[in-house]
Amino acid sequence: MQPSLLDWLNDPEIRADYAAAILHYDLAFLLSTIRTREGLSRHDLARRTGFSEAYIANLERGGGNPPLERLATLFASLGLQCTLHVTSLQHANRSLINE
C-alpha cells in the first residue's frame, strides 16, 4: 500500500519542505490575483516597486525566496499591508486531505 500524505508528513524534513512549498504557492496566487484584480501588468508593478518584471514573474510562479522587506514593498505598492498569520500545520493538512 502506498503511503498517504499524512504518512509522508510524519517525516520532519518532508513536513518542512511541504510547508515551504505551500507558502511559496500561496504567495504566488495572492500576488498574481491582487495584481490582476487591480488591473496592473507585471511591468506596472515593476515600475511601482523598482523590482524587475522577471523577479515579479518568478514570484508569481512560486519561485524565489523574497525577504520580508520585499514582500512589504510589493504589497504596499498595491495599497496593502503585509501581515503574518500562523496556523497549525496539522489543521492545514486535514483541510487539504478532506477536500
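Preceding this paragraph is the structure being described.
Since the model is a prediction, treat every value here as computed from it, not as a measurement.

## Brief notes about the packing of helix 2 (residues 12–37) against helix 5 (residues 68–77)
- Put simply, helix 2 and helix 5 touch, their axes get as near as 11 Å, and they point 25° apart. Classified by the interaxial angle, the pair formed by helix 2 and helix 5 is roughly parallel. Remark: the crossing between helix 2 and helix 5 carries left-handed chirality. Each of L27, L30, L31 and I34 in helix 2 lies in contact with helix 5, whose residues at this interface are L71, L74 and F75.

## Remarks on the packing of aromatic side chains
- If you walk through the whole model with that rule in mind, you get 1 aromatic pair.
- With a centroid separation of 5.4 Å and 65° between ring planes, the pair formed by F51 and Y55 is classed as edge-to-face. For the pair formed by F51 and Y55, the shared burial category is buried.
- It is R70 that lies over the ring of Y55; its NZ or CZ is 4.8 Å from the centre.

## Points about the pattern of salt bridges
- Throughout the structure, instances matching the rule amount to 4 salt bridges.
- Ionic pairing is found between E60 and R35, a salt bridge with its closest N-O pair at 2.6 Å. Of this pair, E60 sits in helix 4 (residues 53–60) while R35 sits in helix 2, and the two are 25 residues apart along the sequence.
- We classify E60 as buried; its relative accessible area is 11%.
- Between R47 and D44 there is a salt bridge; the shortest N-O distance is 3.2 Å. Remark: D44 and R47 occur in helix 3 (residues 42–49); sequence separation between them is 3 residues, near one turn of the helix.
- Owing to a relative accessible area of 59%, R47 belongs among the exposed residues under this scheme.
- In this structure, a network of salt bridges that share partners links the residues R35, R42 and E60.

Reading the values: the criteria
- Residues numbered from 1 in each chain as written.
- Predicted model: local features only at pLDDT ≥ 70, side-chain atom pairs only at ≥ 80, totals over all residues.
- Heavy atoms only, no water.
- Axes fitted to C-alpha atoms, helices over the stretch in contact; angles between N-to-C directions.
- Helix = DSSP H or I, 4+ residues; strand = E, 2+ residues; numbered from the N terminus.
- Parallel < 35°, antiparallel > 145°, perpendicular 65-115°, else oblique.
- Left-handed = near helix turned anticlockwise from the far one by under 90°.
- Contact = heavy atoms within 4.5 Å.
- Phe/Tyr/Trp six-rings, centres within 6.5 Å; stacked < 30°, edge-to-face > 60°.
- Buried < 20%, exposed > 50% of the residue type's maximum accessible area, 1.4 Å probe, protein only.
- Lys NZ or Arg CZ within 6 Å of the ring centre and 35° of its normal.
- Salt bridge = Lys/Arg side-chain N within 4 Å of Asp/Glu carboxyl O.

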